[in-house]
Amino acid sequence: MHEVVLYSSPGCHLCEQAADALRSLQRGRLFTWSEVDIHSDPELEKRYLLEIPVIEVDGVVVTQAPIEINKVRFALEA
C-alpha cells in the first residue's frame, strides 16, 4: 500500500485544498495518508516553508505548490 504525506502549515488555504484533493483521490484508490505540520520540526520548516503544500508518495516528493493532483495519481499507479 502506498503511503502519502502532505506537508502543510495551519491556516494555509492551499494546504487545505491539497488535503481535500487527497480525500477525494482516496475514494478511488487504496493508500494511506497523513498530514505533517512543518512547524513541528525546524528542518522541515527550513526545507518546505516557501514550498507548502508539498505531497510525498512513498518517500518521494511528487508535487508542491501549486499542487498537481495528477502527479499524485500517477505516482499511486506506479
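The text that follows walks through the structure, step by step, so that each part is easy to find. (Residues numbered from 1 in each chain as written. Predicted model: local features only at pLDDT ≥ 70, side-chain atom pairs only at ≥ 80, totals over all residues. Heavy atoms only, no water.)

**Re helix α1 (residues 13-26)**
Here α1 is 14 residues long and its end C-alpha atoms lie 20 Å apart, about the 20 Å a rise of 1.5 Å per residue gives. Of the positions making up α1, those classed as buried are Cys15, Ala18, Ala19, Leu22 and Leu25. Looking down the long axis of α1, one finds its buried residues gathered within 125 degrees of arc, a one-sided arrangement. Buried residues along α1 sit against β1 (2-8), β2 (31-37), β3 (54-57) and α3 (69-77). (Helix = DSSP H or I, 4+ residues; strand = E, 2+ residues; numbered from the N terminus. Expected span 1.5 Å × (residues − 1). Buried < 20%, exposed > 50% of the residue type's maximum accessible area, 1.4 Å probe, protein only. Arc of directions from axis to C-beta. Contact = heavy atoms within 4.5 Å.)

**Notes on the pairing of β1**
Counting buried residues in β1 gives six out of seven residues, a clear majority hidden from the surface. With seven bridges connecting them, β1 and β2 associate as parallel partners. In the sheet register, leucine 6 faces β2, and the bridge partner there is glutamate 35. On the question of chirality, the crossover connecting β1 to the parallel β2 by way of α1 is right-handed. Relative to β3, β1 runs antiparallel, the two being bridged by four bridges. Along β3, the bridge assignment pairs valine 4 with valine 57. (Pairing = 2+ DSSP bridges. Right-handed = clockwise from strand over helix to strand, strands pointing away.)

**Here's the deal with the sheet that holds β3**
Taken in spatial order, the four strands of this open sheet run β2-β1-β3-β4, and their pairing is mixed. Where the open sheet ends on each side, the last strands, each with one partner, are β2 and β4 (60-64). In this sheet, neighbouring strand axes are inclined to one another by 25 degrees on average, regardless of whether the strands run parallel or antiparallel. Contacts from α1 reach β1, β2 and β3, with the element oriented near 170 degrees to β2. Packing of α3 onto the sheet brings it into contact with β1, β2, β3 and β4, and relative to β4 it is tilted by some 155 degrees. (Axes fitted to C-alpha atoms, helices over the stretch in contact; angles between N-to-C directions.)

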